[in-house]
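# Architecture and fold: a report
Spelled out from the first residue to the last, the chains are:
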Amino acid sequence: MPKYRLLTPGPVAVPERVRLAMAQTLLHHRAPAFIPLFREVRAGLSRVFQTAQDVLVLASSGTGAMEAAVVNTLSPGDRVVVVRGGKFGERWAEICAVHGIAVENVDVGWGRAVEPDAVRAAFARAPDARALLVQACETSTGVYHPIRELAELTRERADRLIIVDGISGVGVHDLPMDAWGLDVVVSGSQKSWLLPPGLAFVALSERARAAVQTARCPRYYFDLRKELAAQASDQTAWTAGVSLILGLREALAMILEEGLPAVFARHEALARATRAAMSALGLRLVAPDAPSFGCTAVYVPDGVDGRRFVQHLRDVYDVTIMGGQGRFEGRIFRIGHMGDVDGFDMISAAAAVEMTLADLGHPVRIGEGARAMIEQLHKSGFRKV
Ligand SMILES: Cc1ncc(COP(=O)(O)O)c(C=O)c1O
């Protein structure tokens, strides 16, 4: 059987150690043995989120954690500022609108990072805004937003919260929650966490915890008051995703054995090498000025059908990457750098991109992209250890 290469920006390839951990005999989530497991996992999560706070674990996809962040810290009639520079920025605005929260959008060209001054201007237009909602990495465009600067300017008023979608950012970029004063940070298991989809994480600052007690949005499944109470005694409010939590213990062990600085450097090196390869092929990067380390977005060249391009990689070469979403559908492709992937996987991706371009009649010098990638990886000291 040909080797299947999953190189999307989530779900990601899951390492064997984690898959084996998830194959263990199922534990009941109210059994005594669940308690030390859950305690250990939450301690590991706090280290990766770089917070002294407890990180809540939900059985949900990432969007559930986004909605939990909104309904637990805000109330109908509140106003917020949303950075809207891609599909997931739009999602923040949509979730707020559903809950009767007024949104002051900061529209950002897809492929660009938000200018902190544009957010400052939005706060001037909406002085009563209770929060800023933003992605760390806007996965639909491959952009990293300047979270540290945004946190600083949000804090210029003490009662404003900064709510960060770190679904493809935490464990990829250095986003020290406490040191930067981030109030809510959410993430999802199918990204840097070396896990399948199904778990979401929510970390709350002291200020955000206080907001949870006073927020007036209707909430039931995602009522974090219940989760805070349950998780303080090492339980979940509802049935826990036990198998995924067993996998998470192993995944966290792997992440912490590698060490956070090395984890960030790994993602950065793979992203840098991918940008070098795509540029060497004459392809245009979507986010050349503010690239995320979790995924690289590239414009499909003129004359090539973007949907066909992604299908061809999958069907002919068994390489699964992602196309574009929303207004980028059919226009871009995205290669992920999260999960159980290394430099040699990226070289395979570059080779498959070259061969697909050639198959589809686009003029390409086979080997140019892979060569640039190998040179870049070699320069960065890449070793498979
Ligand atoms: C930045 C970002 N936000 C939100 C989501 C949505 O997460 P989910 O599809 O797990 O609900 C994703 C997933 O791709 C993402 O990358």
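Report on the accompanying structure. Note that the structure is a prediction, hence the values are computed from the model and not measured. (Residues numbered from 1 in each chain as written. Predicted model: local features only at pLDDT ≥ 70, side-chain atom pairs only at ≥ 80, totals over all residues. Heavy atoms only, no water.)

With respect to the element layout, His 312 can be found in helix H12 (residues 306-317). Side-chain polar atoms of His 312 contact the side chain of Asp 359, separated by 2.7 Å. Residue contacts for His 312: discarding those within four places in its chain leaves Tyr 317, Thr 356, Asp 359 and Leu 360. (Helix = DSSP H or I, 4+ residues; strand = E, 2+ residues; numbered from the N terminus. Polar contact = N/O pair within 3.5 Å; in protein donor to acceptor, adjacent residues only side chain to side chain. Contact = heavy atoms within 4.5 Å.)

With that out of the way, let us pick up the packing of helix H8 (residues 206-214) against helix H9 (residues 224-232). Between H8 and H9, the shortest axis-to-axis distance is 9 Å and the interhelical angle comes to 125°. Taken together, the axis directions place H8 and H9 in an arrangement best described as oblique. Contact residues: Arg 209, Val 212 and Gln 213 in H8; Leu 224, Arg 225 and Leu 228 in H9. Tallied by class, residues from the contact of H8 with H9 come to 3 nonpolar, 1 polar and 2 charged. (Axes fitted to C-alpha atoms, helices over the stretch in contact; angles between N-to-C directions. Parallel < 35°, antiparallel > 145°, perpendicular 65-115°, else oblique. Nonpolar A, V, L, I, M, F, W, Y, C, P; charged D, E, K, R; others polar.)

This paragraph deals with the nonpolar core. Membership of the largest hydrophobic core comes to 57 residues, with the highest contact counts inside it found for Leu 45, Ile 147 and Trp 193. Here the element with the most residues in this core is helix H10 (residues 242-258); it accounts for 8 residues. Those residues in contact with Ile 147 that lie beyond four places of it in its chain are Val 134, Gln 135, Ala 136, Ile 162, Val 164, Leu 175, Trp 180 and Leu 182. Formed by 33 residues, the second largest nonpolar core is a distinct cluster that contains Leu 58, Ala 65, Met 66 and Leu 133. (Core = buried A, V, L, I, M, F, W, Y, C linked by side-chain atoms within 4.5 Å. Buried < 20%, exposed > 50% of the residue type's maximum accessible area, 1.4 Å probe, protein only.)

Bringing the pairing of strand S3 (residues 79-84) into the picture now. Direction of pairing for S3 relative to strand S4 (residues 102-107): parallel, over a ladder of 6 bridges. Pairing of Val 83 across the sheet is with Val 106, part of S4. With 3 bridges connecting them, S3 and strand S5 (residues 131-135) associate as parallel partners. Paired with Val 82 across the two strands is Leu 133, which belongs to S5. (Pairing = 2+ DSSP bridges.)

What follows deals with helix H14 (residues 368-379). Between its terminal C-alpha atoms H14 stretches 17 Å, which fits the 16 Å expected from 12 residues at 1.5 Å a residue. Listed in full, the buried residues belonging to H14 are Gly 369, Ala 370, Ala 372, Met 373, Gln 376 and Leu 377. All buried residues of H14 project into a common sector of 160° when viewed along the axis, lining one side. Within H14, the exposed residues directed more than 90 degrees away from the buried face are Arg 371, His 378 and Lys 379. (Expected span 1.5 Å × (residues − 1). Arc of directions from axis to C-beta.)

Take the layout of surface pockets next. Its volume calculated, the largest pocket comes out at about 870 Å³. Considering the residues around the largest pocket, the lining is formed by 33 residues, among which Arg 266, Asp 340, Val 341, Asp 342 and Lys 384 are closest to the centre. Contributing elements (two or more residues each) for the lining of the largest pocket: strand S1 (5-6), helix H1 (16-22), H10, helix H11 (260-280) and helix H13 (343-359). The element best represented in the lining of the largest pocket is H11, accounting for 5 residues. In terms of residue class, the lining of the largest pocket is built from 16 nonpolar, 4 polar and 13 charged. The wall of the second largest pocket is formed by 19 residues, among which Phe 88, Arg 91, Ile 167, Gln 190 and Lys 191 lie closest to the centre. Elements with a contribution of two residues or more to the lining of the second largest pocket: helix H3 (62-73) and helix H4 (87-98). It is H3 that contributes the most residues to the lining of the second largest pocket, 3 residues altogether. Here the lining of the second largest pocket is composed, by residue class, of 7 nonpolar, 8 polar and 4 charged. (1 Å grid on protein atoms, 1.4 Å probe; cavity = no way out; pocket = protein on both sides within 12 Å on 5 of 7 lines; lining within 4 Å. Points joined across faces, edges and corners; volume = space filled by probe spheres on them.)

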